Amino acid sequence: MSITISEFGKVSTGIAKLYVMKNQAGMTAAVSDMGAVLVNLYVPDKDGNMRDVVLGYDEPSSYEEINSIYLGSTIGRNGNRIGGARFTLNGAEYTLDQNDGRNNLHSGVNGYEKRMWKVADMDDSDTPSVTFELESPHMDQGYPGNATVKVTYALTADNKLSIHYDAVSDQDTIFNMTNHSYFNLNGAASGTILDHQVQILADKFTWADEESIPTGELVDVEGTPMDFREFHAIGERIEEDYQALKFGGGYDHNYVVNPGRETKTVARMKSPESGILMEVTSDLPGMQLYTGNFLEGDKVGKNGCRYGKRTGCCFETQFHPDAINHPEFEQPVCKAGEHYLTTTTYGFRVE
Ligand code: GLA
């Protein structure tokens, strides 16, 4: 219904702006050209009060300088880990930053989430939207091909935040982008998400080693604390003596949500306290459930809040981690000149 543009603050390359989209229901989503990040997401709770359900910062410089925990981040070119920080494509070997032990995480030290994007388009209609665009040159982060990457945030009249990615490169390359927002359906500064109930529509997850690199094995969730086919509180089984949970320090695993790559609901989360239910749809094969196990309260977030362990939960839709080194997984390779097109939505209602 409307888009309000304001100055967000200073970053190293100039002034970052904040674009606040609002729909008829009063839901708002604030995004910035600094990193194409999602900064605020105000959603009505069961009493009709608006709650900001994503973790973040008050200054754009924090997104640029201290956001090693990826609050609200647009991750690219590749989300999650690439084992050994190397891969082979069309017979050529490529080397990436080792920024997570000997592995590559979220494309290394020069992630898209730390860059200034330009605004390519804005639509101030009933479904307000903002499109950010980034030029990512050949060998940027170690990936081949000059790429043009676009991310469109749109807010629908029925309270869905849609995130659409459109990327194209002049050489075959990897595109596996995701949004790393941490959701807390009681509000960004309201404690842990352990009482939140989660449903993930997946029978299997990718087994990973102690470095969180998939072994290639797809393990049945049946009979394990990984089974979220029915709603379970996050805290119910997170401390169970189960190898995968020990390796991840909690939930930090990739679910096989959508092998057929349809557009469908892949997960839901609800909070009994606020009554807010979030529904995630995607057209990608995997989704990382990450329960904020590495949050340490060491960064100052919105309103001076320090986000401690498990105070937010991420639903990162993507190809499976390290897919490029696992030919048995669906490949995140995009051919030269073809468009990588994918959409994830986070929809909200009260229950
Ligand atoms: C992803 C990973 C986690 C962690 C976070 C960032 O979700 O799977 O292990 O690295 O990013 O802190």
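Summarised in this report is the structure supplied together with it. Bear in mind that the values here come from a model prediction, so they are computed numbers and not experimental data.

**Observations regarding the side chain of Asn 176**
In this structure, Asn 176 sits in the loop between β15 (173–174) and β16 (178–179). Of the residues examined, Asn 176 reaches a relative accessible area of 2% and is grouped as buried. Polar contacts involving the side chain of Asn 176 include one to the side chain of Asn 78, which spans 3.1 Å. In this structure Asn 176 touches Ile 75, Arg 77, Asn 78, Gly 79, Gln 318, Phe 319, Pro 332 and Tyr 340, once residues within four positions along its chain are discounted.

**Digging into the pairing of strand β17 (residues 197–200)**
Note: β17 against strand β20 (residues 232–233), two bridges, orientation antiparallel. Of the residues in β20, the one forming a bridge with Val 198 is His 232. Across four bridges, β17 lies against strand β22 (residues 264–270) in antiparallel orientation. Its bridge partner being in β22, Val 198 is matched across the sheet by Met 269.

**Let's talk about the site of the ligand**
Taken together, Tyr 70, Asn 80, Arg 81, Leu 105, His 106, His 180, Tyr 182, Asp 252, Gln 288, Tyr 290, Phe 294 and Glu 316 make up the full set of residues near the ligand. At a separation of 2.7 Å, an oxygen atom of the ligand approaches a polar side-chain atom of Arg 81. His 106 is positioned such that a nitrogen or oxygen atom in its side chain is 2.8 Å from an oxygen atom of the ligand. When the ligand is considered free in solution it has 300 Å² of accessible area, and contact with the protein chains removes 96% of it. Its residues placed into classes, the shell around the ligand shows five nonpolar, four polar and three charged.

**Digging into the sheet that holds strand β1 (residues 2–11)**
Spatially, β1-β2-β3-β4-β5 is the arrangement adopted by the five strands of the open sheet, whose pairing is antiparallel. Because the sheet does not close on itself, it has two edges, and the strands there are β1 and β5 (50–52). Pairs of neighbouring strands in the sheet enclose a mean axial angle of 20°, with direction left out of account.

**Concerning the pattern of salt bridges**
Scanning all chains against the criterion turns up 21 salt bridges. A salt bridge links Arg 229 to Asp 227; its shortest N-O distance comes to 2.8 Å. Between Arg 261 and Glu 330 there is a salt bridge whose closest N-O contact spans 3.7 Å. In this pair, Arg 261 sits in the loop between β21 (252–256) and β22 while Glu 330 sits in the loop between β25 (314–318) and β26 (333–334), placing the two residues 69 residues apart along the sequence. The partly exposed category is assigned to Arg 261, whose relative accessible area is 30%. Within this structure, Asp 203, Glu 222, Asp 227 and Arg 229 form a network of salt bridges that share partners.

**A few points about the nonpolar core**
Within the largest apolar cluster, 64 residues are counted, with the highest numbers of intra-cluster contacts made by Leu 41, Phe 183, Ile 200, Tyr 255, Phe 315 and Phe 348. If you tally residues by element for this core, the top one is strand β13 (residues 147–155), at five residues. Once residues lying within four places of it in the same chain are set aside, the contact partners of Phe 315 are Asn 179, Ser 181, Phe 183, Val 198, Ala 267, Met 269, Met 278, Val 280, Met 287, Gln 288, Leu 289 and Tyr 346. Counting 20 residues, the second largest nonpolar core, distinct from the first, contains Phe 8, Leu 18, Val 37 and Tyr 57.

**With respect to the sheet that holds strand β27 (residues 340–350)**
Pairing in this open sheet of nine strands is antiparallel, and the strands run β11-β12-β13-β14-β27-β23-β22-β17-β20 from one edge to the other. Across the chains shown, the open sheet's two edge strands, defined by having one partner strand only, are β11 (118–123) and β20. Where β11 lies against strand β12 (residues 129–136), five bridges are found, and the strand directions are antiparallel. Bridge pairing in β12 places Met 122 opposite Val 130.

**Description of the state of the cysteines**
By definition, a disulfide is the covalent link that joins the sulfur atoms of two cysteine residues. Scanning the entire structure with this criterion turns up zero disulfides. The cysteine Cys 313 is free of any disulfide, with Cys 314 supplying the nearest cysteine sulfur at 6.6 Å. A relative accessible area of 0% places Cys 313 in the buried class.

**Remarks on the packing of aromatic side chains**
Tallying each qualifying case throughout the model produces 16 aromatic pairs. The interplanar angle of 45° and the centroid separation of 6.3 Å between the aromatic rings of Phe 8 and Tyr 63 together place this pair among those described as tilted. Remark: Tyr 63 occurs in helix α1 (residues 60–65) and Phe 8 occurs in strand β1; sequence separation between them is 55 residues. Exposure remark for Phe 8: the relative accessible area of 14% places this residue in the buried category. Members of the aromatic cluster, connected to one another through ring pairs, are Phe 205, Trp 207, Tyr 242 and Tyr 255.

Rules used throughout
- Residues numbered from 1 in each chain as written.
- Predicted model: local features only at pLDDT ≥ 70, side-chain atom pairs only at ≥ 80, totals over all residues.
- Heavy atoms only, no water.
- Helix = DSSP H or I, 4+ residues; strand = E, 2+ residues; numbered from the N terminus.
- Buried < 20%, exposed > 50% of the residue type's maximum accessible area, 1.4 Å probe, protein only.
- Polar contact = N/O pair within 3.5 Å; in protein donor to acceptor, adjacent residues only side chain to side chain.
- Contact = heavy atoms within 4.5 Å.
- Pairing = 2+ DSSP bridges.
- Near = heavy atom within 4 Å.
- Areas by Shrake-Rupley, 256 points an atom, 1.4 Å probe, with all protein chains shown as cover.
- Nonpolar A, V, L, I, M, F, W, Y, C, P; charged D, E, K, R; others polar.
- Axes fitted to C-alpha atoms, helices over the stretch in contact; angles between N-to-C directions.
- Salt bridge = Lys/Arg side-chain N within 4 Å of Asp/Glu carboxyl O.
- Core = buried A, V, L, I, M, F, W, Y, C linked by side-chain atoms within 4.5 Å.
- Disulfide = S-S within 2.5 Å.
- Phe/Tyr/Trp six-rings, centres within 6.5 Å; stacked < 30°, edge-to-face > 60°.

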